[in-house]
Amino acid sequence: MHKHVVIAGAGPAGLACARAITMEQPGADVLLLEAGRPYRHRPCPVDKGFACTGCAGVCNVVSGFGGSMHYGDGAKLSLLPSGRRLSDHFGSERASDLCAIAFDWLTAPLDLRPDILGQGLSAGAREAFASNGLSIREYPVAVLGESDLRRVIEGWHTQLTPAVELWHWSELVGAEPEGAGMSVAVRTADGVRHLHTDHLVLATGRRGVTSTARLLHQLGAEMTEPDISVGVRFEMAAGLLTAIGDEHPDLKITQLEHLENKTKTFCFCGGGNGGRVKFTNYGSAFGDPVITLDGHETTERVAGERPLAANFGLLCQVQGRGTARQARDSFLAIYRKLARGRPFTQTLGAFLHHRDDAGDWAGLRERLPFQPSVRDLATGRVDELFTGGEHTSLATGFERLMASILAHSSTPSTVADLHDQVIVIGPELEFLWERPQIDTGCRVPGLPVYTVGDAAGIAQGIVQAAMMGIAAGQAIARSRDLAGPMTAPRGSGLR
Ligand SMILES: Cc1cc2nc3c(=O)[nH]c(=O)nc-3n(C[C@H](O)[C@H](O)[C@H](O)COP(=O)(O)OP(=O)(O)OC[C@H]3O[C@@H](n4cnc5c(N)ncnc54)[C@H](O)[C@@H]3O)c2cc1C
């Protein structure tokens, strides 16, 4: 079987790539492979209060039509200069154009364009953070609630399914050069199928974090080691984060001063409805099974007897753990030893002061002044995941940040008052992607292979992934074999 283009991964990068190609070349024969399930079949047991089972080896949070845009969750669309490394990659003018197209496509299925926040913050917000030596990065952010994101995913599906061939449960498992194109192997429910394609797009995101890097190494792509950051997620009553979360839904604060390791907030989930802690089950991508954390903002949850929870991640760059791979492996080895590779928690006071919490998770869960967003946790020494320098950076970074948040919200509490009211859940682990050398069409030099979205290791985020997908899609659509007089699909008799 021959296809003009095979795209592996139906996340925002792969979807945007497919759309860019089919808009410019409606006759192109595009096959979209998705290792996961159709979008309506992606329930997450953890969201429903059950234990993470790994969903038969295909984590529904990060796999399936929509990719890490999980049907049922909300999402934030953060625009440039968030992901500014893409401006370095594409040049600022081209990056701005791509960002505008990506935002337009991502919000087109909505009846109303979402409000843009995150800029022109109040003087009170800026001052509260400045008084602790912190400055807030302002950039445009739109919040999509759960219903909005469902509509977006449905919109992409409606638009693309007549234009491209979509195979669910179909995982790219191998590729090698064949003639001017690529021969690819795809594992499907019916066994492994082999195809030939002129262009292969790797849009494999989190699920492909190790397998895609392995494939690119095999293909001889030049790869750069990633920067690894490790950290935790802090969960607390939503009211504590609402004031700043409403002004800047994707609050990003980087701390460099007075800390051993650069520290930054990550995936802030603190609007009026708070947010949910999410589990990402990497299965065996890193050897023995391991689950890491993320978060997403919600807009539609209904509080029960206790207030809803909100959360944010805090990450610090690793130091003194050797190469990126050694750092990742050593961190995961400690995690497996402490908690069998499953998320665990500690009160803030115990985390900051390196001590055990008295009692188990069931008891702690009942004592908290908010309804924790997940049940599948155990208590343990989260603090022991980190080296001394990492722990100091996370602890000092949190205290400074939280003091600013409290000052801005005019809450009478101090950070010390929160020792039993905030839980620290671990671990958060970021920037795992090795970075292949790619050009401005996201193509690996010398091969008809393109790497886009998270898999490219340049910048994370939904808009950022879509930007890269569009860039690759346009490059493919304008390539000599697709553009010009030889446009008709193979087998049509016109080629
Ligand atoms: C819980 C969570 C919340 C997030 N919240 C936000 C947010 O609010 N705002 C934001 O900007 N970013 C957010 N992110 C990050 C954002 O979702 C990602 O940066 C973005 O989705 C990356 O897009 P992608 O297309 O590169 O990869 P993904 O979205 O990860 O999609 C990759 C797809 O490829 C499939 N795949 C993998 N390997 C193969 C293969 N070999 N063959 C076939 N298919 C394959 C996967 O199953 C998956 O569906 C969040 C991430 C998570 C996990």
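Quick caveat, the model's predicted, so the values are computed rather than measured.

A. Summary view of the domain arrangement of the chain. Examined at the domain level, the chain breaks down into domain 1 (2-117 + 146-224 + 436-477) and domain 2 (229-430). The C-alpha centroid of domain 2 is placed 28 Å from the C-alpha centroid of domain 1. Here domain 1 packs against domain 2, burying approximately 2,100 Å² in sum over the two surfaces, 49% of which is carbon and sulfur. A per-residue breakdown of the area domain 1 buries against domain 2 is headed by Lys 76, Glu 146 and Arg 206, which together make up 28% of the total. Between the two partners, domain 1 and domain 2, sit six salt bridges. Here Asp 294 ties to Arg 206 by a salt bridge, and the two come within 2.7 Å at their closest N and O atoms. Joining domain 1 to domain 2, the criterion identifies 18 residue pairs in polar contact (both at pLDDT 80 or more). Put simply, the parts of the chain that give the side of domain 1 that touches domain 2 at least two residues each are strand 3 (75-78) and helix 5 (146-160). Per-element accounting of the side of domain 1 that touches domain 2 gives the leading share, three residues, to helix 5. For the side of domain 1 that touches domain 2, the class distribution of residues is nine nonpolar, 10 polar and six charged.

B. Focus on the site of the ligand. As a matter of local geometry, the ligand sits amid 33 residues, with Glu 34, Ser 63, Ser 68, Lys 76 and Gly 461 nearest to it. Lys 76 places a main-chain nitrogen or oxygen 2.7 Å from a nitrogen atom of the ligand. Here an oxygen atom of the ligand sits 3.4 Å away from a polar atom, N or O, in the main chain of Arg 206. Coverage of the ligand by the protein chains reaches 96% of its 990 Å² of free accessible surface. When its residues are assigned to classes, the shell around the ligand shows 12 nonpolar, 13 polar and eight charged. Both domain 1 (2-117 + 146-224 + 436-477) and domain 2 (229-430) contribute no fewer than three residues apiece to the shell around the ligand.

Here is what the cut-offs are and how they apply
- Residues numbered from 1 in each chain as written.
- Predicted model: local features only at pLDDT ≥ 70, side-chain atom pairs only at ≥ 80, totals over all residues.
- Heavy atoms only, no water.
- Domains from an automatic or database assignment.
- Buried area = accessible area lost by both parts, 1.4 Å probe.
- Salt bridge = Lys/Arg side-chain N within 4 Å of Asp/Glu carboxyl O.
- Polar contact = N/O pair within 3.5 Å; in protein donor to acceptor, adjacent residues only side chain to side chain.
- Helix = DSSP H or I, 4+ residues; strand = E, 2+ residues; numbered from the N terminus.
- Nonpolar A, V, L, I, M, F, W, Y, C, P; charged D, E, K, R; others polar.
- Near = heavy atom within 4 Å.
- Areas by Shrake-Rupley, 256 points an atom, 1.4 Å probe, with all protein chains shown as cover.

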